[in-house]
Amino acid sequence: MNKINEVEARRDEFRAFTREFVSPYATQHDNEERIADHIVPDLAKRGYLAPFISQKWGGEGMDMITLGMLHEEIGCGCSSVRSLLTVHGMSAFALNRWGSDALKEKWLSALVRGEKIGGFALSEPNAGSDVSGIEMTATVHEDGFLLNGTKKWITFGQIGDVFILMAKAEQGFTAFVVEKDMPGLTIEPILGMTGTRGSMLAQLNFKDYFVHQDNVLASPAFGNVVMLSTLVFGRFSVASGSVGIIQASMDAVIEYSVRVQRFGKPLYKHQLVAQMITKMLSDLTASRLLCRNAGELLDKADPSDIQAVFLAKYLASTSAVRAAADAVQIHGANGCTDKYPVERLLRDAKVMEIIEGSTQILEEKIADIELQSYEQRDGK
Amino acid sequence: MQQNKELVRAFFGRFFETGNLTDDLDIFKAGFVNSLFAMQLIGWIEKNFSTTVSDEDLNLANFNSVNAIANFIERKGV
Ligand SMILES: Cc1cc2nc3c(=O)[nH]c(=O)nc-3n(C[C@H](O)[C@H](O)[C@H](O)COP(=O)(O)OP(=O)(O)OC[C@H]3O[C@@H](n4cnc5c(N)ncnc54)[C@H](O)[C@@H]3O)c2cc1C
């Protein structure tokens, strides 16, 4: 069996899991603004929380192509559950890639088994796309640092046990491993989000929170490297989840447009509806292929993986918004109600264009990197 | 060593003009590069020299000039 066939063979497994344990709860997650209690144990039981971690820590060393497919299938069922896989995975990724042996020992198995939930805390009220706006400070104190400041929009911040957090230290941006149950941290839930409403966002307020120097990831001035490499992982996950949203839009449209008759024939037989379906399918196919390409390059640790992930996320997230909007359109008034999944898909898709590098930021970065390699190719 | 320096210079050349770059110029202090570059540099070292840059290796002094990087690669024994 070649690699792609081998990977595709697992799609059925992921899809069956999603149909039974994830999709039926998507509306509930959206309405209640929290994921159901059984989700984390169900994911953990199958090893889906951080399967790319090596067997040493209880993972299966899953390759990125397969991981992308898992995140796609879960994202097809519920974007809030997929966002758990994204941020939890980011924390495990950062610890695995940049953590000391002691940090790995302490956290990795617990994250793989779902005994602890991880998150990624970069954004602040005045720092999102522009991370140079980060105001959180880390000042040297005894054998560690005192953290002061606010992290905002932190996915699963309400239930996270450990966060990879970025702060400004004297030496430069520094990445810390921060635990929840310590003095100096208060957590405020953020409710009323437009999309991925079950992803239990929170604001984390730090006041003289002490973090030991052993909890620095990599080394003090290398926070940017930790952050950027972890964001590549997160962006790949969001790209894959966006492909899932396009697939879910397509599934809903096919079901509806075959069943519903207008002007004496099923909706899909009207050419302008068929056109929307065709666009959706080409977007779906192209986005999925770009994700697979990115996964392949990530597995090879090829330096061009950064651009490949940017491209996959750009096409998949913008296509997801188009696909979900067209799916609402094809459903007419029904598409504007919560009796059908498409309005949720549209709200979830819009979030994909904002997180892990907004559309505009990607448009700048992708062009920049391309120009750089053009100059290199032409020896300019 | 000299060969590694050439390779590092060629890699730098993908990102900025290396004509006036001396082997010991601090590329971070001189403002030639950003952190995306630092990440790509680490990825490049790992891939091209089949080694792993671990958290203990992450000291700016290992990566801030042609000399520093060539020395680092040599120390890693690759
Ligand atoms: C549901 C959700 C979950 C999130 N989860 C997390 C999380 O777990 N951890 C975390 O750290 N953060 C999280 N975030 C925050 C997210 O990373 C930021 O929202 C994102 O980086 C954008 O930053 P911002 O919201 O501050 O927008 P801004 O940076 O203020 O941007 C506002 C608008 O201006 C545009 N813009 C900004 N700069 C430029 C430019 N140079 N050129 C052109 N246009 C520009 C942007 O594209 C955007 O359209 C989450 C956000 C959401 C909505």
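Residues numbered from 1 in each chain as written. Chains lettered and ligands numbered in written order. Predicted model: local features only at pLDDT ≥ 70, side-chain atom pairs only at ≥ 80, totals over all residues. Heavy atoms only, no water.

### Describing the pairing of strand β4 (residues 162–169) of chain A
All names here are of chain A.
Piece 1. The element β4 is largely enclosed, with a buried count of seven among its eight residues.
Piece 2. Sheet topology places strand β1 (residues 118–121) next to β4; four bridges connect them, and they run parallel. What sits directly across from Phe 120, in β4, is Ile 164.
Piece 3. In this structure, strand β2 (residues 137–141) lies alongside β4, joined through two bridges in parallel fashion. Across the sheet, the residue bridging to Thr 137 is Lys 168, located in β4. (Buried < 20%, exposed > 50% of the residue type's maximum accessible area, 1.4 Å probe, protein only. Helix = DSSP H or I, 4+ residues; strand = E, 2+ residues; numbered from the N terminus. Pairing = 2+ DSSP bridges.)

### Digging into the site of the ligand
Residue and element names in this part refer to chain A.
Piece 1. Residues in contact with the ligand amount to 20 residues; listed here are only the nearest, Ser 129, Trp 153, Thr 155, Ser 358 and Gln 360.
Piece 2. Trp 153 is positioned such that a nitrogen or oxygen atom in its backbone is 2.7 Å from a nitrogen atom of the ligand.
Piece 3. At 2.6 Å, a side-chain N or O of Ser 358 approaches an oxygen atom of the ligand.
Piece 4. The set of elements that each furnish at least two residues to the shell around the ligand consists of β1, β3 (144–154) and α11 (359–377).
Piece 5. Looking at the shell around the ligand, the element that brings in the most residues is α11, giving three residues.
Piece 6. Among the domains, domain 2 (119–223) and domain 3 (227–378) are the pair contributing at least three residues each to the shell around the ligand. (Near = heavy atom within 4 Å. Polar contact = N/O pair within 3.5 Å; in protein donor to acceptor, adjacent residues only side chain to side chain. Domains from an automatic or database assignment.)

### Side note on the packing of helix α1 (residues 2–12) of chain B against helix α2 (residues 35–48) of chain B
All names here are of chain B.
Piece 1. With their axes 12 Å apart at the nearest point, α1 and α2 run at an angle of 140° to one another. By the angle between their directions, the pair α1 and α2 is classed as oblique. Both α1 and α2 take part in a crossing whose hand is right-handed. Mapping the contact onto sequence places Leu 7, Val 8, Phe 11 and Phe 12 in α1 and Phe 37, Gln 40, Leu 41 and Trp 44 in α2. (Axes fitted to C-alpha atoms, helices over the stretch in contact; angles between N-to-C directions. Parallel < 35°, antiparallel > 145°, perpendicular 65-115°, else oblique. Left-handed = near helix turned anticlockwise from the far one by under 90°. Contact = heavy atoms within 4.5 Å.)

### Quick notes on the UniProt feature "domain: Carrier" (unreviewed entry) in chain B
Piece 1. Taking the UniProt record as the reference, the feature "domain: Carrier" (unreviewed entry) is found at residues 1–77 of chain B.
Piece 2. Each end of residues 1–77 of chain B is marked by a C-alpha atom, and these two atoms are 11 Å apart; helix forms 45% of the span and strand 0%. (UniProt positions renumbered as here; feature names shortened; annotations may be inferred.)

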